[in-house]
Amino acid sequence: MARIDLNADLGEGFGVWRLGDDDAMLRIVTSANVACGFHAGDPAELLRVCRSAGERGVRIGAQVSYRDLAGFGRRFIDVAADDLAADLVYQIGALQAIARAAGSAVSYVKPHGALYNTIVTHREQAAAVAEAVAMVDPALPVLGMAGSAFFDEAARRGLRTVAEAFADRAYRADGRLVSRREPGAVLHDPAEIADRVVGMVTAGRVTAVDGTQIAVNVESVCVHGDSPGAVRIATAVRDRLAAAGVGIGAFS
């Protein structure tokens, strides 16, 4: 039987501001990409999310990003490689301490937002991210896009790479995500999204915005926790996968 991990970005509130329903998402997903404070998340919120994840048996990942609270980590920053690596070491270490205090542990690393997209092709920053993870703990897997510069750099350092696909994001014909600045970049219909994910997982293919069928390599599917209707979408995806005979569980 096919088996797939479901991940979501969580812990992205800040102070009095709340983003998404973390508690509901933790009843659906198997891996939680927990913000580390540089694009979102405050310590009290992150401790609460890590405790809830641990109680539900959900794996915790460090969701690392550019230093960009005002832009929610969605703006490219031309930062020196050494500075970027140090920022990421800091973020991973902070979440490791919080997860440990919550009785759990950080099990993987996933870049967020603009950093995620940048290191698909930006070799210098891709190397900096991979080096940061290797410096902290070379046993930590990294989530990202198959065929990316990041995966090349991670493999050179002996890091395990976990290929990810996005349930609610449109794809270009070259396999990259459509920019959020473009119309149609984010999908909203739960049934359509759920059927799309089943095709990704069982057939390894998805329809790009130009109508072409492109191959996708996927071990984990991201269901965004901050999208409108996020809980309904994630529930539809999980139910549709189960109906198709696909097992749901954290990547091993």
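Residues numbered from 1 in each chain as written. Predicted model: local features only at pLDDT ≥ 70, side-chain atom pairs only at ≥ 80, totals over all residues. Heavy atoms only, no water.

Naming follows an unreviewed UniProt entry, where the chain appears as 5-oxoprolinase subunit A of Mycobacterium parascrofulaceum ATCC BAA-614. Recorded in UniProt for the chain, the comment headed Function (unreviewed entry) runs: "Catalyzes the cleavage of 5-oxoproline to form L-glutamate coupled to the hydrolysis of ATP to ADP and inorganic phosphate." Checking UniProt for the chain, the heading Sequence similarities (unreviewed entry) contains the comment "Belongs to the LamB/PxpA family." (UniProt positions renumbered as here; feature names shortened; annotations may be inferred.)

1. Digging into empty space enclosed by the protein
Counted by the stated rule, this structure contains one cavity of 30 Å³ or more. Estimates place the volume of the largest cavity at around 40 Å³. As for the largest cavity, its lining consists of P111, Y116, I119, V120, G144, M145, S148 and F150. (1 Å grid on protein atoms, 1.4 Å probe; cavity = no way out; pocket = protein on both sides within 12 Å on 5 of 7 lines; lining within 4 Å. Points joined across faces, edges and corners; volume = space filled by probe spheres on them.)

2. Thoughts on a negative patch on the surface
A contiguous patch of negative charge, built from D78, D82, D83 and E124, is present on the exposed surface. Turning to its location among the elements, D78 is positioned in the loop between strand 3 (59-64) and helix 3 (81-101). (Patch = residues over 30% accessible without salt bridge, like charges linked within 9 Å, V, L, I, M, F, W, Y side chains within 5 Å. Areas by Shrake-Rupley, 256 points an atom, 1.4 Å probe, with all protein chains shown as cover. Salt bridge = Lys/Arg side-chain N within 4 Å of Asp/Glu carboxyl O. Lys, Arg positive; Asp, Glu negative; His and termini not counted. Charge placed at Lys NZ, Arg CZ, Asp CG, Glu CD. Helix = DSSP H or I, 4+ residues; strand = E, 2+ residues; numbered from the N terminus.)

3. As for the packing of aromatic side chains
The full count for this structure, using the stated rule, is five aromatic pairs. When the centroid spacing of 6.1 Å and the interplanar angle of 85° are considered together, the rings of Y66 and F76 count as edge-to-face. You can see Y66 sitting in the loop between strand 3 and helix 3 and its partner F76 sitting in the loop between strand 3 and helix 3, a full 10 residues away along the chain. On the accessibility criterion, Y66 (2% relative accessible area) is buried. Classification of F76 as partly exposed rests on a relative accessible area of 45%. Taking 6.1 Å as the distance between ring centres and 50° as the angle between the ring planes, the aromatic pair formed by F150 and F151 counts as tilted. For the pair F150 and F151, one class covers both residues: buried. (Phe/Tyr/Trp six-rings, centres within 6.5 Å; stacked < 30°, edge-to-face > 60°. Buried < 20%, exposed > 50% of the residue type's maximum accessible area, 1.4 Å probe, protein only.)

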